Amino acid sequence: MSATDHEIDEAVTALRRGEVIGLPTETVYGLAADASSDEAVGRIYRIKGRPADHPLIVHLAQGASLEPWVAEVPATAARLGARLWPGPLTVVLRAGPHVSSVATGRRPTVAVRVPDHPVAAAVLERFQGGLAAPSANRFGRVSPTTAADVRSELGDDVPIVLDGGPSDVGLESTIVSLVAEPTLLRPGGVPAEVIEEVLGAPLAAAAPTDRSAPGTLPSHYSPSADVVLVAPDQVVDRARVEAQAGRRAAVLVGPDVRVPRGVLALRTHDDPADQARVLYRRLRDADDLGAEVLITSLPEEVGLGRAVADRLRRAAH
Ligand code: TXA
Ligand code: MG
């Protein structure tokens, strides 16, 4: 289930040649290339079909110096890094000279994170550089959480996909900008409450009009099925109505909910961390099973529930 030493070496050799590889991380699988090379990073955008002004996250090995990737390390970044790296936290800082301006979308800032995954860690250590990596899906689609997802999404465009098993967190990192006052740009694998506790101050919320992070586009993370959000006690009724109208309906519900015949039951969990882990898997399942409509409700927006709710809203948009 996990990449061999030899496969990791081959992947590092490919990265040195400027190629793009599929890389497991604890959040989702990434599409990685040398973050200091305009040419290598340009290949990521082409494969993903991503607009050039949507910047990428630079992944670094644990203990690697943030400089020269960033211009300066504010005390807030040092504190967050010491407590939460390796882990599903990305910080946005002023960019240093080393990072490709293609990776930053020609902005003066750069997003960096240290992933918490043994295969990603081994690749970064051997590569001895930074890896720019967006999630390994085509633009706007559901992020992959297994090597098989990456292969089915990108096929021959990415010959090397390292297997690291299913991603443990299951959705993307939390992004915090530390360029000015600490601001939450995207909820993700580290609850905002944890970051606020480390900082000893509340995070500002990104303005709704702020398009600085494309993960914040209203429509994103979308399966082919229409995702419909209703109140928890309406999920089953709504599915029955859809099924009676002749649509192939699925519900995403907890373990104890009884689902009427003729409706596909996709199961999630009561615990938010477990919900996060299976969310993208279930969105893909809905498509694989040919669901035309997927009905679910939002979890309570505390802790990881905030990231789950965020992704469901964008999938439904
Ligand atoms: O968990 C993750 O973060 C995964 C894994 C592979 O590490 N990566 C990921 O990358 O989600 P991507 O490209 O799908 O999302 C990157 C997000 C985008 O919303 C982008 O706008 C934001 O990071 N971002 C990157 N550079 C930025 C910058 N300089 N300023 C603000 N946002 C930035
Ligand atoms: Mg993405």
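Located above this text is the structure these notes cover.
Below is a summary of the structure that appears in this document.

### Topic: the packing of helix α1 (residues 5-16) against helix α4 (residues 118-127)
Stage number 1. Here α1 crosses α4 at 50 degrees, and the two axes come no closer than 10 Å. One finds that α1 runs oblique with respect to α4. Taken as a pair, α1 and α4 cross one another with a handedness that is right-handed. Two secondary-structure elements touch here, α1 through Asp5, Ile8, Asp9, Val12, Leu15 and Arg16 and α4 through Val119, Ala122, Val123, Arg126 and Phe127.
Stage number 2. Taken together, the residues that form the contact of α1 with α4 break down as 7 nonpolar, no polar and 4 charged.

### With respect to the sheet that holds strand β13 (residues 293-296)
Stage number 1. The sheet built from 4 strands is open, its strands ordered β10-β13-β11-β12 with parallel pairing. Whereas interior strands pair on both sides, the edge strands pair on one side only; in this sheet they are β10 (226-229) and β12 (264-267). Going across the sheet, the axis of each strand differs from the next one's by a mean of 25 degrees, ignoring polarity.
Stage number 2. Taken together, the 3 bridges between strand β11 (residues 249-253) and β13 define a ladder with parallel strand orientation. Bridging from a neighbouring strand, alanine 250 pairs with leucine 294 of β13.
Stage number 3. Packing against the sheet, helix α8 (residues 272-288) makes contact with β11, β12 and β13, and its axis sits at approximately 160 degrees to β12.
Stage number 4. Across the sheet, helix α9 (residues 305-316) is in contact with β10 and β13; its angle to β10 comes to roughly 125 degrees.

### Here's the deal with the pairing of strand β8 (residues 183-186)
Stage number 1. As paired strands, strand β7 (residues 174-177) and β8 are joined by 3 bridges and run antiparallel to one another. Paired with valine 176 across the strands is leucine 184, a residue of β8.
Stage number 2. The antiparallel pairing of β7 with β8 creates a hairpin that spans 5 residues between the two strands.
Stage number 3. Alignment of β8 against strand β9 (residues 204-205), held across 2 bridges, turns out to be parallel. Considered in β9, the bridge of leucine 184 is made with alanine 205.
Stage number 4. For the handedness criterion, the β-α-β arrangement of β8, helix α6 (residues 192-199) and β9 is classed as right-handed.

### A look at unusual backbone geometry
Trans peptide bonds make up most of the peptide bonds, and negative phi angles are found at most residues other than glycine.
Stage number 1. For the bond from glutamate 67 to proline 68, the omega torsion is 10 degrees, close enough to zero to count as cis.
Stage number 2. Checked against the element boundaries, proline 68 lands in the loop between β3 (57-59) and α3 (75-84).
Stage number 3. Looking along the chain, the bond that leaves tryptophan 85 and enters proline 86 is cis, with omega of 0 degrees.
Stage number 4. Note on placement: proline 86 falls in the loop between α3 and β4 (89-94).
Stage number 5. Even without glycine at this site, arginine 106 takes up a positive phi of about 60 degrees.
Stage number 6. The topology assignment puts arginine 106 in the loop between β4 and β5 (109-113).
Stage number 7. Arginine 106 sits in the exposed class, given a relative accessible area of 63%.
Stage number 8. Backbone geometry at glutamine 128 places phi at a positive 60 degrees, although glycine is not the residue there.
Stage number 9. With respect to the secondary-structure elements, glutamine 128 resides in the loop between α4 and β6 (131-132).

### With respect to the sheet that holds β3
Stage number 1. If you walk across this open sheet you meet the 9 strands as β1-β2-β6-β3-β5-β4-β7-β8-β9, and the pairing is mixed. Lying at the two open borders of the sheet, with one neighbouring strand each, are β1 (21-23) and β9.
Stage number 2. In the sheet, β4 pairs with β5 via 4 bridges, with the strands oriented antiparallel. When the sheet's bridge partners are listed, valine 92 is paired in β5 with alanine 111.

### Some points on the pairing of β7
Stage number 1. Residues of β7 alternate between two faces, with Thr174 and Val176 on one and Ile175 and Ser177 on the opposite face, all of them buried.
Stage number 2. Bridge count for β4 against β7 is 4 bridges, and the pairing is parallel. The residue bridging valine 91 from the neighbouring strand is valine 176, located in β7.

What counts and what doesn't
- Position numbers for residues count from 1 along each chain, tracking the sequence in the order it is written.
- Lettering for chains starts from A, numbering for ligands starts from 1, and both go in the order in which the items are written.
- Totals for whole chains, interfaces and linings use all residues, but because this is a predicted model, local features are given only for residues with pLDDT of at least 70 and pairs of side-chain atoms are given and counted only at 80 or more.
- As a rule here, side-chain values come from all non-hydrogen atoms in the structure, and water together with hydrogens is ignored.
- Here an axis means a line fitted to C-alpha atoms, over the contact stretch when the element is a helix, while the angle between two N-to-C directions is reported on a 0 to 180 degree scale.
- Put simply, DSSP H or I for four residues or longer makes a helix, DSSP E for two residues or longer makes a strand, and each gets a number counted from the N terminus.
- Each angle gets one of four labels, with under 35 degrees taken as roughly parallel, over 145 as roughly antiparallel, 65 to 115 as roughly perpendicular, and the rest as oblique.
- A crossing counts as left-handed when the near helix is turned anticlockwise from the far one by less than a right angle, and as right-handed when that turn is clockwise.
- Throughout, a contact is declared for two residues whenever any of their heavy atoms are within 4.5 Å.
- Asp, Glu, Lys and Arg are counted as charged, while Ala, Val, Leu, Ile, Met, Phe, Trp, Tyr, Cys and Pro are counted as nonpolar; the rest, among them Gly, fall into the polar class.
- Strand pairing follows a simple DSSP-based rule, namely that at least 2 bridges must link the two strands.
- For crossovers, right-handed means that the path from the first strand over the helix to the second runs clockwise, given strands pointing away from the viewer.
- Exposed residues in this analysis have more than 50% of their type's maximum accessible area, buried residues have under 20%, and partly exposed residues fall in between, with area computed by a 1.4 Å probe over protein chains only.

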